[in-house]
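Structural overview for review
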Amino acid sequence: MAEAQIQVGLAQSPDNLPDDEAAEILQVGIGGTPPFLVESVNGDFQGIVPDIWETIAFVNSWEYELILQTETQAALDAVATGELDLLVGPFSITAERLEAVDFTQPFFISGLGVLLPEESPPIWERVRPFFTRTALSSVGVLLVCLFLVGNGMWLVERRHNPEEFPNQYLRGVGNGMWFALVTLTTVGYGDRSPKTPWGRFIAGVWMLISLIAVSSLIGGLASAFTLALAKLPEDAIRDPGDLRGTRMAVVQGTTGEAFAAEYRAKVVQRPSLEAAIALMEADKADGVIFDRPTLEYYLSQNPDLPLRVADFNLNTENLGFVLPYDSPLALPLDVSIVALEEDGTLVRTAQDWLQGELNLE
């Protein structure tokens, strides 16, 4: 168990403890990451968890020492062995953990989120829609039609209208295709026009076909433009199923490990959230799995980082405090948490920190 800091809290006589434990100072471990646990400039503990715990301790007149815990599993083991009387922090209530330790009523409902790089789509991703089957087929059909109409006009006009449709094949067909293109776009320059009945017949049929061809072409190209100008499928990870085979950084001892393995991601463990994020920034991980409120708070404090939290949650987690089984603290803790929930204190405390309304001094 890692202990980096001890903070003492003094209250009135701990009336809610048995007589033989009334004089004892509670050994309370505290852990978590911002906004649940924040170390202020002067070294005091602040955040959602300290604010809630101080209120509970005051109501119950408990004396305590806060001992910082930096490793989740070591902290849970310390509670199980009796080294700590209580562990306060954003600890997920899971069936596996309940086999070794007990939990209080949940004080916060969280979601397990995924932190991902905020990357602009590569150039190919933006250009690719223009090379889809729809776009290419539209352009291809148009070119074929222009070529056929150009040849038809040249064949019927070259003898009677050689000035506009010369006998030379390339020049004559080229002028015919130009006439077809001008007719298609309804520009109507008038520099080329059929003189023969067959030429006018071909021109008339092409005008009717153009009405359909233009609509089809515009529809296909509009779809391509829309996809190209949007951000497109820049996200390789759009839902939990996309985690399969990716490299996911997790904080050792957290529930992120289990869910990364469940979705068949390659799990990369790190001792802290900062270390996990650094791994992703070094392109050695595709994302970070951790509590969504913590990830969002981290981004709010580091707005310049090209990172974002995925739109989906991997699960919903109930967060509670940890204590040994048969602890005399269990009932007063549950009563206090429910009371704080009923009077709105839990919600207000969480909102103040999550919305960044509190500053550290």
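As the structure is a computational prediction, the values presented were derived from the model and not from experiment.

**With respect to the overall build of the protein**
When you go through the protein residue by residue, the secondary structure sums to 12 helices and 13 strands. Counting over 361 residues, the protein shows a buried share of 45%. Across the protein, every contact between residues at least 6 apart in sequence was considered, and the portion connecting residues at least 24 apart equals 72%. Summed over all atoms, the accessible surface of the protein reaches about 19,000 Å², with 56% contributed by carbon and sulfur.

**Brief notes about the layout of surface pockets**
In this structure, the largest pocket encloses a volume near 720 Å³. If you go around the largest pocket, you meet 34 residues; those closest to its centre are Gly31, Gly32, Thr33, Gln69 and Thr70. Breaking the lining of the largest pocket down by element, the ones donating at least two residues are β3 (38-39), β5 (64-69), α2 (72-80), β6 (86-92), α9 (273-281) and β11 (287-291). For the lining of the largest pocket, the element with the most residues is α2, which contributes four residues. Of the residues in the lining of the largest pocket, the class split is 15 nonpolar, 13 polar and six charged.

**Section: unusual backbone geometry**
Residue proline 35 follows proline 34 across a cis peptide bond; omega there is 5°. Structurally, proline 35 can be placed in the loop between β2 (26-30) and β3. The backbone of arginine 264 sits at a positive phi, close to 60°, despite the residue not being glycine. Unusually for a residue other than glycine, aspartate 326 sits at a positive phi of about 65°. With respect to the helices, strands and loops of the structure, aspartate 326 is situated in the loop between β13 (316-323) and α11 (330-342).

**Some details on α11**
In an α-helix, one turn spans 3.6 residues; hence positions three or four apart end up facing the same way. Over its 13 residues, α11 extends 18 Å from the first C-alpha to the last, a length consistent with the 18 Å expected when each residue adds 1.5 Å. Those residues of α11 not exposed but buried are Ala330, Pro332, Leu333, Ser336, Ile337 and Leu340. Tucked into the core, α11 has its buried residues touching α1 (48-60), β6, β13 and α12 (345-354).

**Brief notes about the packing of aromatic side chains**
Taken as a whole and assessed by the stated rule, the structure comprises six aromatic pairs. When the centroid spacing of 5.2 Å and the interplanar angle of 90° are considered together, the rings of tryptophan 154 and tyrosine 169 count as edge-to-face. Of this pair, tryptophan 154 sits in helix α5 (residues 133-157) while tyrosine 169 sits in helix α6 (residues 169-184), and the two are 15 residues apart along the sequence. Between tryptophan 198 and phenylalanine 201 the ring centres are 5.8 Å apart and the planes differ by 85°, which places this aromatic pair in the edge-to-face class. Of this pair, tryptophan 198 and phenylalanine 201 both sit in helix α7 (residues 197-229), three residues apart, roughly one helical turn. Here the aromatic residues Trp53, Trp62 and Tyr64 are joined through ring pairs into a cluster of three or more. Directly above the aromatic system of tryptophan 154 lies the positively charged group of arginine 158, at a separation of 4.8 Å from the ring centroid.

**Here's the deal with the pattern of salt bridges**
In total, this model carries three salt bridges according to the counting rule given. A salt bridge links arginine 247 to aspartate 286, with the shortest nitrogen-to-oxygen separation between them at 3.2 Å. Here the residue arginine 247 occupies a position in strand β9 (residues 247-251), and aspartate 286 occupies one in the loop between α9 and β11, the gap between them amounting to 39 residues. A salt bridge links arginine 292 to glutamate 296; its shortest N-O distance comes to 3.0 Å. Within this pair, arginine 292 and its partner glutamate 296 are both found in helix α10 (residues 292-301), separated by four residues, close to a single helical turn. Overall, glutamate 296 belongs to the partly exposed group, its relative accessible area being 39%.

The rules behind each value
Residues numbered from 1 in each chain as written. Predicted model: local features only at pLDDT ≥ 70, side-chain atom pairs only at ≥ 80, totals over all residues. Heavy atoms only, no water. Helix = DSSP H or I, 4+ residues; strand = E, 2+ residues; numbered from the N terminus. Buried < 20%, exposed > 50% of the residue type's maximum accessible area, 1.4 Å probe, protein only. Contact = heavy atoms within 4.5 Å. Areas by Shrake-Rupley, 256 points an atom, 1.4 Å probe, with all protein chains shown as cover. 1 Å grid on protein atoms, 1.4 Å probe; cavity = no way out; pocket = protein on both sides within 12 Å on 5 of 7 lines; lining within 4 Å. Points joined across faces, edges and corners; volume = space filled by probe spheres on them. Nonpolar A, V, L, I, M, F, W, Y, C, P; charged D, E, K, R; others polar. Expected span 1.5 Å × (residues − 1). Phe/Tyr/Trp six-rings, centres within 6.5 Å; stacked < 30°, edge-to-face > 60°. Lys NZ or Arg CZ within 6 Å of the ring centre and 35° of its normal. Salt bridge = Lys/Arg side-chain N within 4 Å of Asp/Glu carboxyl O.

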